[in-house]
Amino acid sequence: DEIANGRWKDQMPGIAHLTSVLGVNHVTINAALRQLEQEGWLASQGRRRCRRIVRTPSRQDTRPMRFRLIPYDKESPTEPDCLAILDRLHEQGHLAAFARKSLHELGMNPERVARFVAGVEADAWIVSGASREVFEWFARQDCPVIGLFGRFSDVPIAGVGVRKSPVLVGLVRRLASLGHRRIVLVSHRERIVPSVALLERNFLAAMAECGIPTSSFNLPEWEPSNVGLRQCIDGLFELTPPTALIVDEPKHFIAIQNHLASKGLQVGRDVSMVCCDADPSFTWCHPTVTHIRWDVGKVVNHVVRWSNQVALGKHSLRQKLYDAVLVEGESIGPAPK
């Protein structure tokens, strides 16, 4: 794909660079390079030298396709990963656009999703942050689909996401070492109902490992709205306030931080806060925000590679999770006494 769109010209990058960019190990890279040699795309230039590109695909090798990205909510079309995916698909010559409605507007309801999809002309779907039930519905359709985050694990569709569990487990241990016992994970409702998703289960397991008993207090269910989020936070702080909040998205993090500030509570002093996603605005925040970060480019590249395979008539069901890291800031500290 990178050869086809002209990003790689004359000679291939080195194996170390390919391993980093494509997110696979050197054994896989070497196998792919040997296959491209056999197919006549590359020519060897000798040991320890990069291979030379000798043939590039013509536009006739792929056909333009209509890709539709159905966003998680109304704000998703402004997120960098979604925008980058559509831009890259346009560069490949495909017709790519956001669907007119988000999964939240459709109530994350498979029947409503089915009626909506039936009225949209699309050759393939990119579905962002869906529930397991919605992904299962897409898996039963003939149209190719890839899950962009969400609960696609063990569902027979292609998918790409981020492996946050190891970071989250380490974070719980870190907070416990700072004396925190009342730790709350503010997650999406569809990750809790009707069953708890893997990340949330790992959070509860890490709490148990640290000797911290858990209940619905630690993983609250809330109505996905501005009012619902404030009501959830007010309920948490009503009797035994949490000492640490782990929040799923930057917009929820900022809303909660503002709501706590209106009540005279300061992040980092009165309550520790962590966001499970990165956001450019965090560099402007004081105290600096502790958050989980990953390489957005790898996620985008994976979706684009899948899309080009679909255009070639190859319907891959491969699922890939990329690693994340914790960026510790000033928004966490010792549990207040």
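Being a predicted model, the structure only gives us computed values, none of them experimental. (Residues numbered from 1 in each chain as written. Predicted model: local features only at pLDDT ≥ 70, side-chain atom pairs only at ≥ 80, totals over all residues. Heavy atoms only, no water.)

**Concerning the sheet that holds strand E8 (residues 183–186)**
Selection criterion: Pairing between two strands requires that DSSP report at least two bridges joining them. Elements are defined by DSSP. Helices are runs of H or I of four residues or more, strands are runs of E of two residues or more, and each kind is numbered from the N terminus. Axes here refer to lines fitted to C-alpha atoms; in helices the fit is confined to the stretch in contact. Angles between the N-to-C directions go from 0 to 180 degrees. Contacts are assigned to residue pairs with any non-hydrogen atoms lying within 4.5 Å of each other.
Ordered in space as E8-E9-E10-E11-E13, the five strands form an open sheet in which the pairing is mixed. This sheet does not close on itself; its edge strands, each paired only once, are E8 and strand E13 (325–327). Each strand of the sheet is rotated relative to its neighbour by a mean of 20 degrees, with strand direction disregarded. Strand direction decides the pairing type here: E8 and strand E9 (residues 244–247), joined by four bridges, are parallel. Counterpart to Val184 in the pairing with E9 is Leu245. Most of the contacts of helix H6 (residues 165–177) go to E9, to which it runs at about 170 degrees, and overall it touches E8, E9, strand E10 (272–275), strand E11 (290–293) and E13. In the packing of helix H7 (residues 198–209) onto the sheet, the strands contacted are E8 and E9, and the crossing angle to E8 comes to about 180 degrees.

**Topic: the environment of Ala311**
Inclusion rule: Only protein chains enter the accessibility calculation, which uses a 1.4 Å probe. A residue is then buried if its area is under 20% of the maximum for its type, exposed if over 50%, and partly exposed in between.
Counting through the fold element by element, Ala311 comes out in helix H10 (residues 296–311). Owing to a relative accessible area of 7%, Ala311 belongs among the buried residues under this scheme. Through-space distance from the C-alpha of Ala311 to that of Phe237 is 52 Å; in sequence the pair is 74 residues apart.

**Some words on the pairing of strand E3 (residues 66–70)**
Put simply, the rule is: With strands facing away from the observer, any crossover in which the path from the first strand over the helix to the second runs clockwise is taken as right-handed.
Among the five residues of E3, four are classified as buried, and the element is accordingly described as predominantly covered. Where E3 lies against strand E4 (residues 95–98), four bridges are found, and the strand directions are parallel. In the sheet register, Arg66 faces E4, and the bridge partner there is Leu95. Once you follow E3 into helix H3 (residues 80–91) and on to E4, the crossover reads as right-handed.

**Side note on the environment of Asn25**
Rule in force here: A 3.5 Å cut-off defines polar contacts: any pair of N or O atoms within that distance qualifies, except that in protein one atom must be a possible hydrogen donor and the other a possible acceptor, and neighbouring residues in sequence count only when both atoms are side-chain atoms.
When you line up the elements, Asn25 lands in the loop between helix H1 (15–22) and helix H2 (26–38). Along the primary structure Asn25 and Leu312 are separated by 287 residues, whereas in three dimensions their C-alpha atoms are 25 Å apart. A polar atom in the side chain of Asn25 sits 3.1 Å from the backbone nitrogen of Val27.

**Some words on the pairing of E11**
Where E10 lies against E11, two bridges are found, and the strand directions are parallel. Each residue of the ladder has a partner; that of Cys275, found in E11, is His291. Where E11 and E13 come together, three bridges link them in antiparallel fashion. By the bridge assignment for E13, Ile292 is matched with Leu326.

**Describing the pattern of salt bridges**
The cut-off we apply is this: The term salt bridge refers to a pairing of a side-chain nitrogen on Lys or Arg with a carboxyl oxygen on Asp or Glu at a separation within 4 Å.
Applying the stated criterion across every chain, the model contains 15 salt bridges. Taking the shortest distance from any N to any O, the salt bridge between Glu37 and Arg51 comes out at 2.4 Å. Linking Glu37 in helix H2 with Arg51 in the loop between strand E1 (42–43) and strand E2 (52–53), this pair joins segments that are 14 residues apart in sequence. Notably, a salt bridge pairs Asp123 with Arg66, separated by 3.1 Å at the nearest N-O pair. Of this pair, Asp123 sits in the loop between helix H4 (110–118) and strand E5 (124–128) while Arg66 sits in strand E3; the two residues are 57 residues apart in sequence, bridging distant segments of the chain.

**Description of the sheet that holds E4**
The strand order across the open sheet formed by six strands is E4-E3-E5-E6-E7-E12, and the pairing between neighbours is parallel. At either end of the open sheet lies a strand with only one pairing partner, and these are E4 and strand E12 (319–323). Taking the axes of each pair of neighbouring strands and ignoring which way they run, one obtains an average angle of 15 degrees across the sheet. Strand direction decides the pairing type here: E3 and E5, joined by four bridges, are parallel. Residue pairing in the sheet places Arg68 in a bridge with Trp125 of E5.

**Side note on the nonpolar core**
Considering soluble globular proteins, one finds that nonpolar side chains tend to be buried as a cluster. The following threshold applies: Buried Ala, Val, Leu, Ile, Met, Phe, Trp, Tyr and Cys residues form a nonpolar core when they are joined through side-chain atoms within 4.5 Å.
Ile85, Ile126, Leu148, Ile183, Phe203, Ile246 and Trp306 are the most contacted members of the largest nonpolar core, which totals 47 residues. With residues near it in sequence (within four places) discarded, Ile183 still touches Val172, Leu175, Phe203, Met207, Ile212, Asn218, Ala244 and Ile246. Core analysis: the next-biggest nonpolar cluster, separate from the first, contains 21 residues, Trp125, Val127, Ala130 and Ile157 among them.

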